[in-house]
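The lines below spell out each chain.
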Amino acid sequence: MRVEICYRWRIQSPAGRWFTTRHSASEEAIRKEHPEAMPVEGSRTERIILDQPAELVCAGFHSPHATPSVLIWPCSIPGREGRIPLGGQVSDYTVTQDGENWVVMLHGTTLMYRGAGPVRVEAAP
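Being a predicted model, the structure only gives us computed values, none of them experimental.

Undergrad: A description of the overall build of the protein should follow, citing residues and the corresponding values.
TA: Looking only at helices and strands, the protein has two helices and 12 strands in total. Along the protein, from the amino end to the carboxyl end, the secondary structure elements read β-β-β-β-α-β-β-α-β-β-β-β-β-β. Residues classed as buried in the protein amount to 29% of the 125 residues present. Summarising the internal contacts of the protein: among those between residues at least 6 apart in sequence, 47% fall at separations of at least 24. Element-wise, carbon and sulfur atoms account for 53% of the exposed surface of the protein, whose accessible area totals about 8,300 Å².

Laid out in structure tokens, this is it:
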């Protein structure tokens, strides 16, 4: 999970006229096409981006499920717990360290998490 900071932007058309975008975009995205873009004051928004497979699986749950396990990770986003409910038993997961990244695999084949650590998988309360 990461936070993406977005703005509405003032950009210049090919004809030389300046206008404001209707939709917000991150600086990285806007600079690819419009290096001259300037952020509109007061238009800053923050989006939480789910970028770990375990987060995407958890977000896809449409009804309450029994989650026998939970992934504990060092979340750096204020107000967010570093806990992701998992569907398998603790013994179904392997946690390893690969350089600076920590890796959590389900049954040794399905990537559930890759990123900052340390992380652990525990039985859900």
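That was the structure; now back to the text.
Undergrad: An account of the sheet that holds strand β2 (residues 9-12) is needed here, citing residue identities and associated values.
TA: Taken together, three strands build an open sheet; the order of strands is β3-β2-β5 and the sheet is antiparallel. Lying at the two open borders of the sheet, with one neighbouring strand each, are β3 (18-20) and β5 (38-39). Relative to β3, β2 runs antiparallel, the two being bridged by three bridges. The residue bridging Arg-10 from the neighbouring strand is Thr-20, located in β3.

Undergrad: Mind laying out the sheet that holds strand β1 (residues 2-7), listing which residues take part and the relevant values?
TA: The sheet built from three strands is open, its strands ordered β4-β1-β6 with antiparallel pairing. This sheet does not close on itself; its edge strands, each paired only once, are β4 (25-26) and β6 (45-49). Relative to β4, β1 runs antiparallel, the two being bridged by two bridges. Note that in β4 the partner of Cys-6 across the bridge is Ser-26.

Undergrad: Quick rundown of the nonpolar core? Include the residues and the values.
TA: Core analysis: the biggest nonpolar cluster contains 14 residues, and Leu-71, Leu-86, Tyr-93, Val-104, Met-112 and Val-119 have the highest contact counts within it. At the level of secondary structure, the elements contributing two or more residues to this core comprise β8 (83-86), β10 (101-106) and β11 (110-115). Setting aside residues up to four positions removed in sequence, Leu-71 forms contacts with Ala-54, Gly-82, Arg-83, Ile-84, Leu-86, Val-104, Tyr-113, Val-119, Arg-120 and Val-121. Ranked by size, the runner-up nonpolar core spans five residues in total, among them Trp-9, Ile-11, Ile-30 and Ala-37.

Undergrad: Outline the environment of Leu-106, supporting the account with residue identities and numerical values.
TA: Residue placement: Leu-106 occurs in strand β10. With 12 residues separating them along the chain, Leu-106 and Thr-94 place their C-alpha atoms 6.7 Å apart. Discounting chain neighbours no more than four positions away, the residues touching Leu-106 are Asp-92, Tyr-93 and Met-112.

Undergrad: How would you explain a nonpolar patch on the surface if you had to name every residue and give the values?
TA: Taken together, Val-3, Ile-5, Ile-48, Leu-50 and Leu-56 make up a surface patch of nonpolar side chains, about 370 Å² in accessible area. Tracing the chain through its elements places Leu-56 in helix α2 (residues 53-59).

Thresholds, definitions, all that
The numbering scheme is per chain: residues are counted from 1 as the chain's sequence reads. Per-residue local features are limited, in this predicted model, to residues with pLDDT of at least 70; the limit for side-chain atom pairs, both in listing and counting, is 80 or more; totals at the level of whole chains, interfaces and linings are taken over all residues. Side-chain measures here rest on the full set of heavy atoms in the structure, leaving out hydrogens and waters. Every helix listed is a DSSP run of H or I at least four residues long, and every strand listed is a run of E at least two residues long, numbered separately from the N terminus. Accessibility here uses a 1.4 Å probe with only protein chains present; expressed as a share of the type maximum, an area under 20% marks a residue as buried, one over 50% as exposed, and anything in between as partly exposed. Contacts: residue pairs with any heavy atoms within 4.5 Å of one another. Each accessible area is a Shrake-Rupley result for a 1.4 Å probe, and residues are judged covered by the shown protein chains and nothing else. For two strands to be treated as a pair, DSSP must find at least two bridges joining them. The criterion is simple. A nonpolar core is a set of buried Ala, Val, Leu, Ile, Met, Phe, Trp, Tyr and Cys residues joined through side-chain atoms within 4.5 Å. Patch membership is restricted to residues that have no salt bridge and whose relative accessible area is over 30%. Joining uses 9 Å for like charges and 5 Å for the nonpolar side chains Val, Leu, Ile, Met, Phe, Trp and Tyr. Salt bridges, as used here, are contacts in which a Lys or Arg side-chain nitrogen is within 4 Å of a carboxyl oxygen on Asp or Glu.

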